[in-house]
Amino acid sequence: MNIWEPAQECMSRDELEQLQLERLQATINRVFKNVTFYRREFSRMGIIPEDVESLAHLKRLPFTTTEDLDKNYPYGMFAVPLREVVRIHSSSGRGGKPVVVGYTKNDIRVWSGLVARFMTAAGVTRDDVVQIAFRYGLFTGAFGLHYGAEAIGASVIPISTGNTEKQIMIMQDYKTTALVCTPGYALTLAERMEKTGIDARGLSLRVGLFGGEPWSETMRRDIENRLSITATDNYGLSEVIGPGVAGECVHKCGMHIAEDAFIPEIIDPLTGETLPPGQTGELVLTTLTKQAFPMIRFRTRDITSIDYGRCECGRTFVRMKKPSGRSDDVLIVKGVNVSPAQIREVLFAAAQGEPRYQIIADRMDSKDALEVRIEVTEKIFSAELQNQRSFLEMVRKRIEASIGIHVTVKLVEPGSIPEGEGTIIDKRII
Ligand code: DLL
């Protein structure tokens, strides 16, 4: 079955806004009744659910931030009893604790439908063989795309991440036609094929659906040429649902936001003011259909703009540009959100004080790499070489346990980290 829903996806703005208002009112009622955080916030601002009479009222509602989620860890933001929750996912969060998100049975059904929709818009059909090379686990990417592809009726290969040789072997032997992974991993696959003399044009691969991390138009062209496919972008975040928030259609001119399920706003990240259509700022999302984990005006920290113009595909949902950065210091490395605060915490504990350090994200051989440079302190310097090595090893292991991806840790000479250069350097040109 193709998940092409013109009745929803091509609604007139008036119809859509009416639907959004009804769903927003229901969501506001639900969170006011069931989530202490929202009841308190609304009461503090003197708002009752009946006040929300139009979409324009949304602006007056409080934002939800990751700090709020942190304070309500793990289940404080759930709007249903745990007994109703059939799935829990989490993402690294932006502070000390991960963000824990829940789904009811209906949430999973809606999620599958939203993902199936953008996969259809990107050209996937029931005849496709879809290789999911996202990590299965707490990350929402793999399960989201898996459900979407199954809902379409495609054949899903849930290979998960890693083992690049095997990924390529499966692509060749199982005749994969659609590849799902981070754009960074698509380049890794291309590079391995080139190194081992495999011509991508000889594969059955025709489309690639990439998301979970920022990438550029240059990277798209590179992937398309090297893998001989057409590549589309899709966007989402765990706090809001996971993948399924937005995705490109075959015209590749911005990602259609599923506006019957989410209301997007663009705000000035400094003042919180809503910006007029077309301006660049931070994306804020309100969920309209979620039962277990509804979010009111969630600050995504992703910087983008929204285009209300018509798209050739006929879908009337607005299109968001590829996010160009973040309004916080979170780095997305290999599709994983890395909060420098997590690294800082390990360093402070390990060095028993505050060493000067730098966190450097780079792309080597088309792979994301993360390096932490620590300036040698008197204490570390005076240690025997052997002890320095075990110090580095201990720090590396602790950081990796905290952030979940590989990191290189190096000691550098005192004073070699230039003053004023900042602790977080992202050298990747995306
Ligand atoms: O990355 C959900 C996802 C998985 C989306 C797979 C698409 C495909 P989180 O781990 O919570 O969820 O990370 C969310 O990743 O706030 C953005 O900063 C970034 N991000 C996700 N997709 C894109 C994209 C998933 N297409 C955070 N372009 C978001 C740029 C993206 N950044």
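Conventions adopted
- Residues numbered from 1 in each chain as written.
- Predicted model: local features only at pLDDT ≥ 70, side-chain atom pairs only at ≥ 80, totals over all residues.
- Heavy atoms only, no water.
- Axes fitted to C-alpha atoms, helices over the stretch in contact; angles between N-to-C directions.
- Helix = DSSP H or I, 4+ residues; strand = E, 2+ residues; numbered from the N terminus.
- Left-handed = near helix turned anticlockwise from the far one by under 90°.
- Contact = heavy atoms within 4.5 Å.
- Pairing = 2+ DSSP bridges.
- Near = heavy atom within 4 Å.
- Polar contact = N/O pair within 3.5 Å; in protein donor to acceptor, adjacent residues only side chain to side chain.
- Areas by Shrake-Rupley, 256 points an atom, 1.4 Å probe, with all protein chains shown as cover.
- Nonpolar A, V, L, I, M, F, W, Y, C, P; charged D, E, K, R; others polar.
- Parallel < 35°, antiparallel > 145°, perpendicular 65-115°, else oblique.

**Quick notes on the packing of helix α8 (residues 183–195) against helix α9 (residues 217–227)**
Running from N to C, α8 and α9 point in directions that differ by 35 degrees, and their axes come no closer than 10 Å. For the pair α8 and α9, the crossing hand works out as left-handed. On α9, the residues touching P183, G184, A186, L187, A190, E191, M193 and E194 of α8 are M219, D222, I223, R226 and L227.

**Considerations on the sheet that holds strand β19 (residues 367–375)**
Overall, mixed pairing links the 4 strands, which are arranged β20-β19-β18-β21 in an open sheet. Strand pairing shows two members of the sheet lacking a second neighbour, β20 (408–412) and β21 (424–426), which therefore form its edges. Between one strand and the next, the sheet's axes are offset by a mean angle of 20 degrees, whatever the strand orientation. Where strand β18 (residues 357–364) lies against β19, 8 bridges are found, and the strand directions are antiparallel. Bridge pairing in β19 places I360 opposite E371. On the sheet, helix α12 (residues 385–403) packs against β19 and β20 and is oriented at approximately 140 degrees with respect to β20.

**Some words on the site of the ligand**
Around the ligand, a shell composed of 21 residues is seen, among which D233, N234, S238, D302 and R326 lie nearest. A distance of 2.7 Å separates a nitrogen atom of the ligand from a polar backbone atom of N234. In this structure, D302 approaches the ligand through a side-chain N or O atom, which is 2.6 Å from an oxygen atom. Here the ligand has 610 Å² of accessible area as a free molecule, and 99% of this is covered by the chains. Elements represented by at least two residues in the shell around the ligand include exactly α6 (140–152) and β7 (230–237). Looking at which element gives the most residues to the shell around the ligand, the answer is β7, with 5 residues. Considered class by class, the residues forming the shell around the ligand number 8 nonpolar, 9 polar and 4 charged.

**Considerations on unusual backbone geometry**
The omega angle of the peptide bond from Y73 to P74 is -10 degrees, so this bond is cis rather than trans. With respect to the helices, strands and loops of the structure, P74 is situated in the loop between α4 (66–71) and β1 (85–91). One non-glycine residue, S160, lies in positive phi territory at about 70 degrees. Locating S160 in the fold gives a position in the loop between β4 (155–157) and α7 (164–173). Phi angles above zero are rare outside glycine, and N163 is one such case at about 50 degrees. You can see N163 is positioned in the loop between β4 and α7.

**Quick notes on the packing of α7 against α8**
Following both chains from N to C, one finds α7 and α8 inclined at 80 degrees, their axes separated by 10 Å at the closest point. Judged by the inter-axis angle, α7 sits roughly perpendicular to α8. Residues T164, E165, Q167, I168 and M171 of α7 lie in contact with α8, whose contacting residues are Y185, T188, L189, R192 and M193. Of the residues assigned to the contact of α7 with α8, the class counts are 5 nonpolar, 3 polar and 2 charged.

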